[in-house]
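This is what each chain is made of:
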Amino acid sequence: MVLTPQAGVISVLMEHHTIMRFSLSLVTAAVFTALVTPVVAHAENAAAVTAIERITVQGDLRQQSAGQLAGSLSVATEQDLQRQSVQHLDELLNQFANVNFSAGASRGRFIQVRGIGERSEFVDTINPSVGMLIDGIDYSGLGITGISDIAQFEVFRGPEATRFGANALAGMLNLTTKGPTDTPEGKVTVTLADYDSYQLAGQFSNAITPQWGYSLALEQQVSDGFIKNTHLKRDDTNNIDEFNARFKLAFQPNSDLTLQLISHFVDQDNGYDAFSLDRNRTTLSDEPGQDKLRSKALALQTDYRGLPFARLQGQLSWLDAAMDYGFDEDWSHVGLHPDEYSTTDRYLRNREQLTLDYRLVSTDAGRLGDSDWVLGIYAASKEFELTRQFWNWSLWQADSFASALTRTNLAVYTELSTPVSDKLTLISGVRLERYEDDYADSSGNQIGNTDTMWGAKLSLNYQPNPQALIYLLGSRGYKVGGVNGDALAKAADDSLSELMSKASFAPETLYNAEFGVKGTALDQSLVTRVAAFYMWRKDMQVKGWLNPDSGPQFAGFIDNAGSGRNYGIEIENRLQLHPQLAVMLSASWLKTKLGNYITIDGDDFSGREQAQAPRFGYSVAADWYLSDAMTFNIGLQGKDAFYYSDGHEQRSSRYELLNLRLSYQLQHWQLAVWSRNALDKDIGVRGFYFGNDPRDGYAPHLYEQFAEPRRVGVSASYQF
């Protein structure tokens, strides 16, 4: 059968119509469930309203419950980690709708929400589209390592500029760890797994006096990794060796004031040998790379309730981090082929930052009429230093490149909550932020950049009953522009002279329109949330590459692609089918589109789907309580294929990921046997397309880094 162009158009339109009908059906079903379920539960048990479980969102300005907050939000607790035997953030993110990540390092470090987010950081300092906070400290771009002491993990989807500023163009990850307690509490966990892996984690908290309390969490993770280096005859060149320590000291001198000192320490000494010329888990490198991080952080949190009109909350934090990231550029060894090359690439980074974020949150006595309000100030100073050690192909010798970037931010923000009626509330917020950049590098470039940006949100919240929320939300996010130092430094090379046109890139703006419904049964037998969104990206920032002759010489830069479109649906449900069986379901559908984008090589990708944006994703999990002591957990997660880059046509493979866990609970002990990726799927977490194999004349191929294969392990924990 020959498919004519007309028939092809009709086929595409029919497919689009079918998808839209299916999406509208999902929204209709979710809205009906969210509204009807609380009413039914209310008729069965009106008195249960006082027993409704409320999860307080720590990242919200007013710390409301998740069910009352307008916007697409997911919350995970320690129980969610145990269900899937999660040991690292990579394994947790697969549970969330419209959330993806990329690696290109020993761990997943770069997050995408609704198809928006960076995929790598080499020479030029990035400003993440999706930020990361741990206990309020900004770890954006560094990644999250240990999560064994998690108290609550929150995923904000969509622009959150009013609350978080420039690091939340597409969303924010907010991790809160366990803190001091009034009585002694502790937990020790030991995990053993294949690939010579183990994890030791311990937490303890207690009160010193009625005014003083503390908590301490320690964690060590070690693994050989999942790569076999046949040249060196080693299986630990992509190893994991991570230590995390967190300490909190709380002081409450009186009922009006609470102070908390937070201290973090991270020592990561991981290997990096992830890419194979044979495109599998077997490498040939003779100089395997490294992915090291050593960071220290301090923060002082303040909560003062002594003012009659408002509550003063805020945090002053400091972070210092040193990173050592490098790899064997040829992925091979000397003697592989007569046309070989042998070079390495190494990036030594230092980052120091000081951040202040304080706000006044109105009390009942301080309302403006009937309106609750928030007024805050944010200031930050960040210094980034880079030394790159690499092979200079123009000079045909080892070379280095150094750069320094100083960035200061100053912002004011406010939010107003105004009741329109008993069931209708208008939420409005705005943030005004100014940043200044001073950039200098060893190529003689000295560039200053400054801009004033603004973000906002406006939502209309309708609460038909205490357990349901319907909202309409409009929001605007922003992301700073910057300098392409790598492009400027290499533009003098004749083969890379086109880079002169890519010296800088413009800020990006994101507009979001969203409709959402949330509902909870009084007896907690059903929790459902749905959000439908449409986002428009202006001056969309994309990663570009210039790779002459598809060989080993390349240069990266950030470019602007005109506009972009991202729209879709997110659904989350929790259903207690039986006292012994609970089911959790999350699903997402996403459609993305690049605007007018022609690469520096002349390739036209206008109208194509954006990178790291799978059309659909899902996570289905079940807790089956076999007895009072024994529980069986099963989880199935899947994602559609997606493009690895905005600059080539290579895609990942669609996958399904099966996790299993059987646990036995004693009074203080819990014993568990588990398997992650039980079907042993090869799941791509980073992909490059170029030529790097001399054995086939450096023909371009898709080279992929894979997530962990099938894992099997046992865990034992003692809680007291």
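What counts and what doesn't
- Residues numbered from 1 in each chain as written.
- Predicted model: local features only at pLDDT ≥ 70, side-chain atom pairs only at ≥ 80, totals over all residues.
- Heavy atoms only, no water.
- Helix = DSSP H or I, 4+ residues; strand = E, 2+ residues; numbered from the N terminus.
- Rg over C-alpha atoms; globule rule 2.2 N^0.38 Å.
- Buried < 20%, exposed > 50% of the residue type's maximum accessible area, 1.4 Å probe, protein only.
- Areas by Shrake-Rupley, 256 points an atom, 1.4 Å probe, with all protein chains shown as cover.
- Lys, Arg positive; Asp, Glu negative; His and termini not counted.
- Charge placed at Lys NZ, Arg CZ, Asp CG, Glu CD.
- Polar contact = N/O pair within 3.5 Å; in protein donor to acceptor, adjacent residues only side chain to side chain.
- Contact = heavy atoms within 4.5 Å.
- Pairing = 2+ DSSP bridges.
- Salt bridge = Lys/Arg side-chain N within 4 Å of Asp/Glu carboxyl O.
- Core = buried A, V, L, I, M, F, W, Y, C linked by side-chain atoms within 4.5 Å.
- Phe/Tyr/Trp six-rings, centres within 6.5 Å; stacked < 30°, edge-to-face > 60°.
- Lys NZ or Arg CZ within 6 Å of the ring centre and 35° of its normal.

A. View of the overall build of the protein. Across its full length, the protein carries five helices and 37 strands. Relative to its length of 720 residues, the protein is compact, with a C-alpha radius of gyration of 26 Å against a globular reference of 27 Å. In terms of overall dimensions, the protein has C-alpha extents of about 80 × 70 × 55 Å along its principal axes. Expressed as a percentage of its 720 residues, the buried residues of the protein come to 56%. A total of about 29,600 Å² of accessible surface is found on the protein, and carbon and sulfur atoms cover 57% of it. Of the side chains in the protein, 61 bear a positive and 87 a negative charge, and the two mean positions are spaced by 5 Å.

B. Up close: the side chain of Thr-302. Within the secondary structure layout, Thr-302 lies in strand β15 (residues 289-304). Residue Thr-302 is classed as buried on the basis of its relative accessible area of 15%. Here Tyr-358 takes part through its side chain, which lies 3.4 Å from a polar atom of the side chain of Thr-302. Excluding residues within four positions of it along the chain, Thr-302 makes contact with Leu-257, Thr-258, Leu-259, Leu-312, Gln-313, Gly-314 and Tyr-358.

C. Layout of the pairing of strand β30 (residues 581-594). Two strands pair when backbone bridges link them, and strand β29 (residues 563-578) and β30 are joined in this way by 14 bridges, in the antiparallel orientation. Each bridged residue has a counterpart across the sheet, and for His-578 the counterpart in β30 is Leu-581. Hairpin connection from β29 to β30: two residues lie between these consecutive antiparallel strands.

D. The arrangement of the pattern of salt bridges in detail. Applying the stated criterion to the full structure yields 41 salt bridges. Arg-163 is the salt-bridge partner of Asp-357, the closest N and O atoms lying 3.5 Å from each other. In this pair, Asp-357 is assigned in strand β17 (residues 344-362) and Arg-163 in helix α4 (residues 161-164), connecting sequence segments 194 residues apart. Among the ionic pairs, Arg-695 bridges to Asp-693, the shortest N-O distance being 2.9 Å. Of the residues examined, Asp-693 reaches a relative accessible area of 5% and is grouped as buried. What you see here is one network of salt bridges that share partners, running through Glu-91, Asp-194, Arg-676, Glu-708 and Arg-711.

E. Structural view of the nonpolar core. If you look at the biggest cluster of nonpolar residues, it comprises 42 residues, and the most contacted ones within it are Leu-93, Ile-111, Phe-153 and Leu-173. Ignoring sequence-local partners within four residues, the contact set of Leu-93 consists of Val-99, Phe-101, Ile-111, Phe-153 and Leu-173. Judged by nonpolar contacts, the second largest core, of 24 residues, contains Leu-277, Leu-284, Phe-327 and Phe-390.

F. The packing of aromatic side chains, seen in detail. The tally for this structure, following the rule as stated, stands at 28 aromatic pairs. Residues Trp-331 and Tyr-703 carry aromatic rings whose centres are separated by 5.0 Å and whose planes lie at 80° to one another, so their mutual orientation is edge-to-face. Of the two residues, Trp-331 sits in the loop between β16 (310-328) and β17 while Tyr-703 sits in strand β36 (residues 701-706), which places them 372 residues apart along the sequence. Of the two residues examined, Trp-331 and Tyr-703, each falls in the buried class. Plain terms: the ring middles of Tyr-567 and Trp-589 are 6.0 Å apart, the flat faces sit at 65° to each other, and that makes the pair edge-to-face. Taken together, the residues Tyr-567 in strand β29 and Trp-589 in strand β30 connect sequence positions 22 residues apart. Assessed through its relative accessible area of 15%, Trp-589 is described here as buried. Among the aromatic residues, those joined into a cluster by ring pairs are Phe-122, Tyr-272, Tyr-325, Phe-327 and Tyr-347. Seen from the ring of Phe-533, Arg-114 lies directly overhead, with NZ or CZ sitting 3.8 Å from the centre.

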